[in-house]
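# What the coordinates show
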Amino acid sequence: MCKKHIFILSLVAAITMSYSGAFGATISDATTIGGGTFSPSNKVKISVTATTVNYAACSGHTSGDRSICTNNVDPKLYWTAKTVGSDPTTISDATTSFTGSGYTTL
């Protein structure tokens, strides 16, 4: 296969991956976001899920008793109780709404 075909296949694979599926992770160490390096504070973890148009995220300190959450639709920050020593609330859907259901605005 020539270099031109490899380039085209790589480009198609990259475009396909960027427009399909959702991204979900728990960030606790340095990671690259938007071309820069992001590191949460010591013992802070961030649960995030994103698609090409939506995101939702919750963060929490492992010795704290709250998860702080937000999404791209609502600019407010919300909190919910968590067990001290546990990870923040897990986000499984990029369209998660934090209004009601155990979340309080800050």
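Report follows, based on the coordinates. (Residues numbered from 1 in each chain as written. Predicted model: local features only at pLDDT ≥ 70, side-chain atom pairs only at ≥ 80, totals over all residues. Heavy atoms only, no water.)

What follows is about the pattern of salt bridges. Evaluation of the coordinates by the stated rule reveals 1 salt bridge. In this structure, Asp 87 and Lys 45 form a salt bridge, with 3.0 Å as the shortest nitrogen-oxygen distance. In this pair, Asp 87 is assigned in the loop between β7 (78-81) and β8 (104-105) and Lys 45 in strand β4 (residues 44-50), connecting sequence segments 42 residues apart. (Salt bridge = Lys/Arg side-chain N within 4 Å of Asp/Glu carboxyl O. Helix = DSSP H or I, 4+ residues; strand = E, 2+ residues; numbered from the N terminus.)

Here the focus is the state of the cysteines. Scanning the entire structure with this criterion turns up 1 disulfide. Here Cys 58 is linked by a disulfide to Cys 69, with a sulfur-sulfur distance of 2.0 Å. On the S-S bond that ties Cys 58 to Cys 69, the torsion sits near 110°, and the link is right-handed. Of this pair, Cys 58 sits in strand β5 (residues 55-61) while Cys 69 is found in strand β6 (residues 66-71), placing the two residues 11 residues apart along the sequence. (Disulfide = S-S within 2.5 Å.)

What follows is about the pairing of β6. Here β5 pairs with β6 via 4 bridges, running antiparallel. When the bridges of β6 are listed, Ser 59 appears paired with Ile 68. The loop that links β5 with its antiparallel partner β6 comprises 4 residues. Strand direction decides the pairing type here: β6 and β7, joined by 4 bridges, are antiparallel. Within the sheet, the bridge partner assigned to Ile 68 lies in β7 and is Trp 79. From the end of β6 to the start of β7, which pair antiparallel, there are 6 residues. (Pairing = 2+ DSSP bridges.)

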